[in-house]
Amino acid sequence: MRTRLVHSIAAAAAVLTLACGPSGDQQALKAPSQSAGGGAGVAELMAARGLSEADVTAALKTYVPSGKKDDYYIFSSGGQSGQVIVLGIPSMRLLKYIAVFTPEPWQGWGFGDHGSHAILEGGDRHGQKMRWGDTHHPNLSETNGDYDGQFLFIGDKANARMAVIDLKDFATKQIVANPILESDHGAAFVTPNTEYVIESSQYPVPLGGEFEPIENYDEKYRGAATFWKFDREKGRLDPSRSFAIELPPYMQDLSDAGKLVSDGFAFINSFNTERAIGGNMEGRPPLESGASQNDMDYLHVIDWKKAEQVFLAGKAEKIRDFPVISLETAVAEGLLHFVPEPKSPHGADVTPDGRYIVVGGKLDTHATVYSFEKIKALIDAKDYAGTDPYGVPILDFQKSIEGQAELGLGPLHTVFDDQGNAYTSLFVESKIAKWSLKDRTVIEKVPMHYNIGHIAAAHGDTVKPRGHWVVGMNKWAIDRFADVGPLLPQNFQLVDVSGPAMQVVYDAPIPLGEPHYTQIVSADLIEAIDHYSPIGTDPLTWQLDPRATQGGKERIEREGDEVHVYMTQVRSHFTPDTIRVKQGDTVHLYLTNLEQARDATHGFGISSYNVSLSVEPGKQSNATFVADRAGVFPFYCLEFCSALHLEMAGYLLVEPTGGGGAASADRTDAKRHAAR
Ligand code: RUQ
Ligand code: CUA
């Protein structure tokens, strides 16, 4: 190991010497040290900064020079921020926040732009405007069980919603609210050809959102697994071809879809099979102690291909118009089985060959490796060890497992590499355990900084893991970075697993929400556009927006008290740059960025009217607001697009009508409502 380190440092020194040789203009690149010997500069830098050899190798493994791109993208959930966070590997440089469930002004998300409002409104629930989410599990679209780089799905645990992001422009295209659930956790998980995106519930409720006393929990509260049909052509989930399966009121947790031999099945772990309901001020035990009495909970094994047939045969019932296969039907059709799983299980992860399902037991020291082949044989032979109170057949634990891996304290999630190894996060022990799938023995453990939750590996949950990189997602960056007050960022630790020993090579603070899962995809699979074409493209339809304006055709049209402003942008002006309206007019702004160059993004921000638009090259953005306040309102471009960016501005002149008073305020209120 040591020789390897010394070797790589010598190599780095050689590179530095080359770059800093005394020839001509390379002089400017000289390292601080002036000593001539090969490697002396590095050694002195190391001494001056107190860096060890391991530090320097870590730096060499992760440093990506200016102008060079990363090899992998990390797509991370953004937790309570309701967004998605994108980073690069190996540099761990932050690349983008993708606005999803929460308004975000830089991307013009939810600040006037019609398209973004339509998408956000798609996620409204029970008539309530939902403007935050708790994103947990991003999943990339797959073709033949491997990421294809086209779409990203992410679930909102807090409000049982699902979002679709198109990776052509890294923008959210759809949010659907689950009509029968109030929360989810096993979301989003895709099937191997993205036929369905799975969303399973977390906290049981009466399906459909009606009231039932909690005393009726066992009879009336339910979980469910939702299978959202994905229409790849349209790039949208299709609720009209989606269905759910009713589940007992256990707390369903994470999901994973089977692959290869287990394709057609989905696995969901659960906890609280005790059906504890809390009530610690009503004479019942607190939820968490009630929910951790049993030694075993149930791994849910769902035959989704069979369920799809049952749904297509019209055997699903409707709850709030959404097709739900009842528990009774699920049992009768043999599409739902349980297998016991030890002690507060958490992750359920299918191995790359699809043959095994690995489940971590939070309060256990093992990861349990279930054999799909054995489970399938038991199901086919109807060899059951019993049924649960809802009639769901239970398979025998011992007969279903391949074995267990003794890993350490608090195993949660497992990912895989290309060498037949598994990597499991150990929450309580704050370590990653690398173990062999072949004999289930631990090969090595590497300490993580603090409370590792999820873990991700390059293509680590596909049929073709790429190896090399694993990321540990630590809860809270205690004592890790410069202090920023009591609310701590999280800490992503990048681990190089390509050598004989795992090495932590980078700590990246994540300063937006608490990320849960991430996926890591090879950068060459992502084909992102750098401008919208044709000019005036509606990013939702990818078609020319009918309100797009050509250069020279800009105009302002008045119809009664509706003012239509057909506006264009090029560096460095808006046309028109003066808009005259009367107080109380409804202003419809149709804004076309006429540019096709990649560095020509403009924005539109206006004072006092809460409008912020991002108009990337070729994009069309439309906004509507009621000019209910008389006055002079400057608007300006929000991106520093050119030397005359500051001059890229104009005025909205709202002339008073002389009205005013309560009646007129009511009138504009009503209009403002209608405008959105
Ligand atoms: S969770 S730390 Cu929401 Cu995926 Cu396991
Ligand atoms: Cu356009 Cu600044």
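Calculation notes
Residues numbered from 1 in each chain as written. Chains lettered and ligands numbered in written order. Predicted model: local features only at pLDDT ≥ 70, side-chain atom pairs only at ≥ 80, totals over all residues. Heavy atoms only, no water. Helix = DSSP H or I, 4+ residues; strand = E, 2+ residues; numbered from the N terminus. Rg over C-alpha atoms; globule rule 2.2 N^0.38 Å. Contact = heavy atoms within 4.5 Å. Areas by Shrake-Rupley, 256 points an atom, 1.4 Å probe, with all protein chains shown as cover. Lys, Arg positive; Asp, Glu negative; His and termini not counted. Charge placed at Lys NZ, Arg CZ, Asp CG, Glu CD. Phe/Tyr/Trp six-rings, centres within 6.5 Å; stacked < 30°, edge-to-face > 60°. Buried < 20%, exposed > 50% of the residue type's maximum accessible area, 1.4 Å probe, protein only. Near = heavy atom within 4 Å. Nonpolar A, V, L, I, M, F, W, Y, C, P; charged D, E, K, R; others polar. 1 Å grid on protein atoms, 1.4 Å probe; cavity = no way out; pocket = protein on both sides within 12 Å on 5 of 7 lines; lining within 4 Å. Points joined across faces, edges and corners; volume = space filled by probe spheres on them. Core = buried A, V, L, I, M, F, W, Y, C linked by side-chain atoms within 4.5 Å. Pairing = 2+ DSSP bridges. Axes fitted to C-alpha atoms, helices over the stretch in contact; angles between N-to-C directions. Polar contact = N/O pair within 3.5 Å; in protein donor to acceptor, adjacent residues only side chain to side chain. Patch = residues over 30% accessible without salt bridge, like charges linked within 9 Å, V, L, I, M, F, W, Y side chains within 5 Å. Salt bridge = Lys/Arg side-chain N within 4 Å of Asp/Glu carboxyl O. Arc of directions from axis to C-beta.

*Asks:* Whenever I open this one, the overall build of the protein chain confuses me. Can you help?
*Replies:* The helix and strand tally for the protein chain stands at 11 helices and 44 strands. For the protein chain, whose C-alpha radius of gyration is 28 Å, the value lies close to the compact-globule estimate of 26 Å for 676 residues. With respect to the three principal axes, the spread of C-alpha positions in the protein chain is 80 × 80 × 50 Å. For the protein chain, long-range pairs separated by at least 24 residues make up 61% of all intrachain contacts whose partners lie at least 6 apart in sequence. If you sum the accessible surface of the protein chain, you get close to 27800 Å²; carbon and sulfur atoms cover 54% of it. The distance from the centre of the 61 positive side-chain charges to the centre of the 87 negative ones in the protein chain is 3 Å.

*Asks:* Help me out: how do you make sense of the packing of aromatic side chains in this one?
*Replies:* To describe a pair of aromatic rings, one takes the distance between the centres and the angle between the planes. On inspection of all chains with the given rule, the structure shows 26 aromatic pairs. Judged by centre distance (4.9 Å) and plane angle (85 degrees), the ring pair of Phe 153 and Phe 230 falls under edge-to-face. Within this pair, whereas Phe 153 is found in strand β5 (residues 146-156), its partner Phe 230 is found in strand β10 (residues 223-231), the two being separated by 77 residues in sequence. Residues Phe 153 and Phe 230 agree in their burial class; the two are buried. An aromatic cluster is present here, built from Tyr 196, Phe 227, Phe 243, Trp 304 and Phe 311 joined pairwise through their rings.

*Asks:* What am I meant to see in the site of ligand 1 here?
*Replies:* For ligand 1, the full set of nearby residues is His 136, His 137, His 185, Leu 254, His 346, His 413, Gly 453, His 454 and His 516. Elements with a contribution of two residues or more to the shell around ligand 1: β4 (135-143) and β28 (452-457). Of the residues contributing to the shell around ligand 1, the split by class is 1 nonpolar, 8 polar and no charged.

*Asks:* I'm lost on empty space enclosed by the protein in this one. Help?
*Replies:* Rolled over the atoms, a probe sized like a water molecule indicates the empty space that remains. Considering all chains together, one arrives at 4 cavities of 30 Å³ or more under this definition. Here the largest cavity is characterised by a volume of approximately 190 Å³. Looking at the largest cavity, it is lined by 24 residues, and the ones nearest its centre are Phe 189, Asp 256, Asp 349, Asp 461 and Tyr 517. Mapped onto the lining of the largest cavity, the elements with two or more residues apiece are β4, β8 (184-190), β12 (251-257), β18 (345-350), β24 (411-416) and β28. Element by element, the count of residues in the lining of the largest cavity is highest for β12, at 4 residues. For the lining of the largest cavity, a count of residues per class yields 9 nonpolar, 10 polar and 5 charged.

*Asks:* How should the nonpolar core be read in this particular structure?
*Replies:* Side chains of a nonpolar character, in soluble globular proteins, are inclined to be buried together. Counting 31 residues, the largest nonpolar core has Ile 89 and Ile 432 as the members making the most contacts within it. Contributions of two or more residues to this core are made by β1 (72-77), β2 (84-89), β28, β29 (469-474), β30 (490-496) and β31 (503-510). Contact partners of Ile 432, with chain neighbours within four places excluded, come to Tyr 423, Thr 424, Glu 444, Lys 445, Val 446, Met 448, Ile 452, Ile 455, Val 470, Gly 472, Val 495 and Met 502. Counting residues in each nonpolar core, the second largest holds 28 residues, with Ile 245, Ala 266, Ala 330 and Leu 336 among its members.

*Asks:* Mind showing me how you'd approach the layout of surface pockets here?
*Replies:* Within this model, the largest pocket holds a volume of roughly 1400 Å³. Looking at the largest pocket, it is lined by 47 residues, and the ones nearest its centre are Lys 96, Asp 169, Phe 170, Ile 529 and Glu 616. Top element by residues in the lining of the largest pocket is helix α4 (residues 114-122). It accounts for 5 residues. A per-class count over the lining of the largest pocket returns 19 nonpolar, 12 polar and 16 charged.

*Asks:* Sorry if this is basic, but what is going on with the sheet that holds β1 here?
*Replies:* Adjacent strands of a sheet pair through backbone hydrogen bonds, lying either parallel or antiparallel. Pairing is antiparallel across the open sheet formed by 4 strands, whose spatial order is β3-β2-β1-β32. Looking at the sheet topology across the chains shown, the edges are occupied by β3 (94-98) and β32 (518-522). In this sheet, neighbouring strand axes are inclined to one another by 20 degrees on average, regardless of whether the strands run parallel or antiparallel.

*Asks:* For this particular structure, what's the right way to read the pairing of β1?
*Replies:* The element β1 is extensively covered by neighbouring structure, given that 6 of its 6 residues are classed as buried. Burial along β1 is two-sided: Tyr 72, Ile 74 and Ser 76 and Tyr 73, Phe 75 and Ser 77, pointing in opposite directions, are all buried. Both β1 and β32 contribute to a ladder of 5 bridges, which runs antiparallel. Each residue of the ladder has a partner; that of Ser 76, found in β32, is Thr 518. Where β1 meets β2, 6 bridges bridge the pair, whose relative direction is antiparallel.

*Asks:* So what exactly am I meant to see when it comes to the pairing of strand β11 (residues 236-247) here?
*Replies:* In the case of a regular strand, side chains alternate between the two sheet surfaces. Burial within β11 is extensive, with 9 of its 12 residues counted as buried. The antiparallel hairpin formed by β10 and β11 contains 4 residues in its connecting segment, where Gly 235 sits at a positive phi of about 70 degrees. Pairing analysis gives 2 bridges linking β11 to strand β16 (residues 322-325), with the strands arranged parallel. Bridging across to β16, Ala 244 finds its partner in Val 324.

*Asks:* Would you mind showing me how to read the sheet that holds β24 here?
*Replies:* Strand order in this open sheet of 4 strands is β24-β25-β26-β27, and the pairing throughout is antiparallel. The open sheet is flanked by β24 and β27 (442-447), the only strands paired with a single partner. Across this sheet, the average inter-strand angle for adjacent strands is 20 degrees, counted without regard to direction. Taken together, the 6 bridges between strand β25 (residues 421-426) and strand β26 (residues 431-436) define a ladder with antiparallel strand orientation. Considered in β26, the bridge of Tyr 423 is made with Lys 434.

*Asks:* Even after reading the chapter, I still don't get the side chain of Thr 226, so can you show me in this structure?
*Replies:* Checked against the element boundaries, Thr 226 lands in strand β10. Looking at Thr 226, its side chain comes within polar contact range of the side chain of Asn 178, at 2.9 Å. Leaving out residues up to four positions away in the same chain, Thr 226 has contacts with Asn 178, Leu 181, Val 197, Ile 198, Glu 199, Phe 243, Ala 244 and Phe 322.

*Asks:* Where do I start with a nonpolar patch on the surface in this structure?
*Replies:* Together, Leu 409, Phe 427 and Val 428 make up a nonpolar patch on the protein surface, roughly 250 Å² of accessible area in all. Along the chain, Leu 409 turns up in the loop between β23 (401-406) and β24. For Leu 409, a relative accessible area of 43% translates into the label partly exposed.

*Asks:* What is the right way to read helix α9 (residues 372-380) from this model?
*Replies:* Each full turn of the α-helix corresponds to 3.6 residues, which orients residues three or four apart in the same direction. Listed as buried for α9 are Phe 372, Ile 375, Leu 378 and Ile 379. End-on view of α9: buried residues confined to an arc of 130 degrees, all on one side of the axis. Exposed side chains of α9 directed beyond 90 degrees from the buried face belong to Glu 373 and Asp 380. Against the buried residues of α9 lie β13 (265-271), β14 (296-303), β17 (336-342), β19 (356-361), β20 (366-371) and α10 (397-400). Positioned one or two residues after α9, Lys 382 has a phi angle of 50 degrees, which is positive.

*Asks:* Which parts of the structure should I look at to understand α4?
*Replies:* Burial in α4 covers these residues: Gly 115, Ser 116, His 117, Ile 119 and Leu 120. Put simply, Asp 113 is the residue that caps the front of α4, since its side-chain oxygen is 3.3 Å from the backbone nitrogen of Gly 115.

*Asks:* How do you make sense of the pattern of salt bridges when you look at a structure like this?
*Replies:* Two side chains bearing opposite charge may form a pair once their charged atoms approach each other closely. The final tally for this structure, using the stated rule, is 32 salt bridges. Asp 231 is paired through a salt bridge with Arg 241; the nearest N and O atoms lie 3.8 Å apart. In this pair, Asp 231 sits in strand β10 while Arg 241 sits in strand β11, placing the two residues 10 residues apart along the sequence. The partner of Arg 480 in a salt bridge is Asp 507, and the shortest N-O contact between them spans 2.8 Å. Placement of Arg 480 in the loop between β29 and β30 and of Asp 507 in strand β31 is noted, with a sequence separation of 27 residues between them. A relative accessible area of 38% places Arg 480 in the partly exposed class. Residues joined in a network through salt bridges with shared partners are Asp 231, Lys 234, Asp 238 and Arg 241.

Honestly, it's all geometry; don't read function into it.
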